[in-house]
Amino acid sequence: MDSTGTESSTGTGAEKDEAAAGLTKAAPAPTLSLTTAKASDIQSHDTFVIKKKLSLTAGEYVVSVARPDGSEGEPVAYAREKRLSLRGQVTVYTDASRKSVLAAFKGRDHEVGYMYDVRDASGQSFGSFYEDAGASFLRRTWQVRQPGTMKLTGRERSRVVAFVRFVWEFVPYLEYVPFIWPYRFKYTESGKPLMTVTKKLGLHTRYVLEILAPDIDRRLAIAHTLALDALEVD
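Report on the accompanying structure. (Residues numbered from 1 in each chain as written. Predicted model: local features only at pLDDT ≥ 70, side-chain atom pairs only at ≥ 80, totals over all residues. Heavy atoms only, no water.)

1. Notes on the overall build of the protein
Secondary structure assignment for the protein yields four helices and twelve strands. When contacts within the protein are restricted to residue pairs at least 6 apart in sequence, long-range pairs at least 24 apart make up 40% of them. Only carbon and sulfur atoms are counted for the fraction: they give 55% of the accessible area of the protein, which is about 13,800 Å². (Helix = DSSP H or I, 4+ residues; strand = E, 2+ residues; numbered from the N terminus. Contact = heavy atoms within 4.5 Å. Areas by Shrake-Rupley, 256 points an atom, 1.4 Å probe, with all protein chains shown as cover.)

Dropping the structure here:
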């Protein structure tokens, strides 16, 4: 109380400290980063549509959640492959601004040929994939690894399409042109189907990724599907 008999609005030093502590306790908890939130949201979906747009210098991919009728729904990821850069290096972003990384993969020399490590925004690896050269002689075969969870073997389903692709790669100049015929890969573990990737026939390059196991990291599945296209003429 001051000399006039009224209470002071400033309060004592102890009262100030107590009020500040109360404000500190009331402060809201930090929110998840955009990348973490987006990864969590993607994990709740099972079917995606990946569409590619071509330009002279890059291939741009838009990944959308598939609607029940198979059409493209909400976009959840974007990727851009520079044609003049090192092949086998693709970054997947959370949106078209390309400011937040969802995942990225890059090839490295390995005893199996090229191994592609898939990493998150912090650079932490959470999966990998490579083409099984021996098994791919007649039908393209990929091995997809998710540490501590599963090992998937993805194989081209149609022997006829696989044979046409094999011949295509030996025709002069055509080996530098992406294989335009639709195809389907089936991914299994111990014979159990867990994932499929289907390339659709149309004016635009379009893939449908269907995931049948809840434990498969959607970021890894999306990155591998992009690789099927981006590495097609490598």
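Once you've had a look at it, read on.
2. Notes on the pattern of salt bridges
All chains considered together, the criterion is met by eight salt bridges. Where Asp117 meets Arg108, a salt bridge forms, and the shortest distance between an N and an O atom there is 2.4 Å. According to the relative accessible area criterion, Asp117 is buried, its value standing at 11%. If you follow the salt bridges from partner to partner, you end up with Lys51, Glu72 and Arg206 in one network. (Salt bridge = Lys/Arg side-chain N within 4 Å of Asp/Glu carboxyl O. Buried < 20%, exposed > 50% of the residue type's maximum accessible area, 1.4 Å probe, protein only.)

3. Observations concerning the nonpolar core
Phe48, Phe105, Phe129, Leu209 and Ile216 are the most contacted members of the largest nonpolar core, which totals 42 residues. Here this core gets eight residues from one element, more than from any other, and that element is helix H4 (residues 218-230). (Core = buried A, V, L, I, M, F, W, Y, C linked by side-chain atoms within 4.5 Å.)

4. Points about unusual backbone geometry
Positive phi, close to 55 degrees, is recorded for Arg98, a residue that is not glycine. Along the chain, Arg98 falls in the loop between strand E4 (89-93) and strand E5 (101-110). Exposure remark for Arg98: the relative accessible area of 40% places this residue in the partly exposed category. Of note in the backbone geometry, Ser190 takes a positive phi value of approximately 55 degrees without being a glycine. Within the secondary structure layout, Ser190 lies in the loop between strand E10 (184-189) and strand E11 (192-200). Judged by relative accessible area, Ser190 falls into the exposed class, the value being 81%.

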